[in-house]
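So you can see what is in the structure, the chains are spelled out below.
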Amino acid sequence: MLSPREMEIATACARGEHYQQIAEYFGIAPSTVRTHLTTIYRKLRVSSKIELHKVLEGEKTKSKTSEEQAMLISELALGLEEAISRERAVSEVLSIISRAGGDVQEVISAVLGYTLELCDAQFGILFSYNPKRGFKATYIKEIPLAFQTWLAEHDWFQVSPNTGLGRMVSAADIINIGDVRGEEIYRHGDPLRDATANLGGARSFTAIPMLSKDGLIGAFTIYRQQVRPFDDRSLRLASIFADQSVIAIENARLVSEVRSAKGE
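The shown structure was predicted, so the numbers you read here are calculated from the model rather than taken from an experiment.

Peer 1: Give a detailed account of the nonpolar core, specifying residues and quantitative values.
Peer 2: Core analysis: the largest hydrophobic core is formed by 25 residues, its most contacted members being I108, F220 and I222. Broken down by secondary-structure element, the contributors of at least two residues to this core are helix 6 (104-119), strand 4 (204-212), strand 5 (215-224) and helix 11 (232-261). In terms of residue count, the dominant contributor to this core is helix 6 (10 residues). Setting aside anything within four residues of it in sequence, one finds I222 in contact with T115, L116, C119, A121, F123, G124, S204, F205, T206, F230 and A238. Counting residues in hydrophobic clusters, the runner-up holds 23 residues, among them I143, F147, W150 and A207.

Peer 1: Account for the environment of N176, naming residues and giving values.
Peer 2: Position of N176 relative to the elements: it lies in strand 3 (residues 175-177). The spatial distance from the C-alpha of N176 to the C-alpha of L235 is 8.4 Å, given a sequence separation of 59 residues. Other than its neighbours up to four places away in sequence, N176 contacts F205, T206, F230 and L235. Here the side chain of N176 touches F230 through a polar contact of 2.9 Å, landing on its backbone oxygen.

Peer 1: Please give an account of the packing of aromatic side chains that cites residues and values.
Peer 2: A complete count under the given rule lists 10 aromatic pairs for this structure. Measuring from centroid to centroid gives 6.1 Å for F127 and F135, while their planes differ by 85 degrees, and the two rings are edge-to-face. Its relative accessible area of 1% is what places F135 among the buried residues. Between F147 and Y223, the aromatic rings sit 6.5 Å apart at their centres with planes inclined by 85 degrees, giving edge-to-face as the arrangement. Placement of F147 in helix 7 (residues 145-154) and of Y223 in strand 5 is noted, with a sequence separation of 76 residues between them.

Peer 1: How would you summarise the pairing of strand 2 (residues 134-141) if you had to cite specific residues and measurements?
Peer 2: Both strand 1 (residues 123-130) and strand 2 contribute to a ladder of 7 bridges, which runs antiparallel. When the sheet's bridge partners are listed, S128 is paired in strand 2 with K136. What sits between the antiparallel neighbours strand 1 and strand 2 is a turn of 3 residues.

Peer 1: Tell me what's going on with the pairing of strand 5, and back it up with residues and numbers.
Peer 2: Within strand 5, 7 of the 10 residues are buried, which leaves the element mostly enclosed by the surrounding structure. Here strand 4 folds back onto strand 5 in antiparallel fashion, the turn holding 2 residues.

Peer 1: If you had to explain unusual backbone geometry to someone new, which residues and values would you point to?
Peer 2: The phi dihedral of E142 falls on the positive side, at around 60 degrees, and the residue is not glycine. Note that E142 resides in the loop between strand 2 and helix 7. Phi at D155 is positive, roughly 50 degrees, even though this residue is not glycine. Here D155 is to be found in the loop between helix 7 and helix 8 (164-171).

Peer 1: Outline the sheet that holds strand 5, supporting the account with residue identities and numerical values.
Peer 2: Reading across from one edge, 2-1-5-4-3 is the order of the 5 strands in this open sheet, with antiparallel pairing throughout. Each edge of the open sheet carries a strand with a single partner, namely strand 2 and strand 3. The mean angle between the axes of side-by-side strands here comes to 20 degrees, regardless of whether they run parallel or antiparallel. Across 3 bridges, the pairing between strand 3 and strand 4 is antiparallel. Residue I175 lies in a different strand from strand 4, and its bridge partner there is A207. Against the sheet, helix 7 contacts strand 1 and strand 2, and its axis sits at roughly 10 degrees relative to strand 1.

Parameters at a glance
- Residues numbered from 1 in each chain as written.
- Predicted model: local features only at pLDDT ≥ 70, side-chain atom pairs only at ≥ 80, totals over all residues.
- Heavy atoms only, no water.
- Core = buried A, V, L, I, M, F, W, Y, C linked by side-chain atoms within 4.5 Å.
- Buried < 20%, exposed > 50% of the residue type's maximum accessible area, 1.4 Å probe, protein only.
- Helix = DSSP H or I, 4+ residues; strand = E, 2+ residues; numbered from the N terminus.
- Contact = heavy atoms within 4.5 Å.
- Polar contact = N/O pair within 3.5 Å; in protein donor to acceptor, adjacent residues only side chain to side chain.
- Phe/Tyr/Trp six-rings, centres within 6.5 Å; stacked < 30°, edge-to-face > 60°.
- Pairing = 2+ DSSP bridges.
- Axes fitted to C-alpha atoms, helices over the stretch in contact; angles between N-to-C directions.

Below, the structure is given as structure tokens:
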């Protein structure tokens, strides 16, 4: 028997809603939605959204031979659905890039949205980078207002080499921080780290370098408001979307150059 909350989540899932949509509606984390769905699939002994929909409509499905088999099937089914969601997201982003006509805002908004959903993160920022001026929060998604205001007030800013962004520049590699409040730089009152943790409420954070033929052009960053470090799967996904952001920005630059050459 499903609990009232499990029934609500099962119904939403059967309607085709994604984890992020369900999470936002019920005010819970996407990972909690997945945990509920694992239990729901096991209890109902279903292995797909189609079967889930049928069961909720009163249709019978083939009975499984054991609880262990049902659990395995539910895990495999959810894993497959997540893989399909990833492929769908990348495909849709590429489609948006192809038809955006240089409208980078539309593309980056979609990219950040999919990244937050698939990586189970609360907010994301795409920082532009200039070696002389530092960083600027150019595109944001779901960011807390207080942190957004702080970033707007600082416009371009330099960062300490011990911040996540500073270490990313030095290493030219992904920086993955398990708890932004657990590092020495937070206890020393670094302005960016203080704003990230206290105004943004961030705890776990990753920064991915955005590289073009001209070198580092920005940082693709996502944040969780719980101490839950990003795993390898999430980092791979975020890296894919960071690459798509670079493509979108380069396309926008090329479109702008073509239009300028035509005198538009």
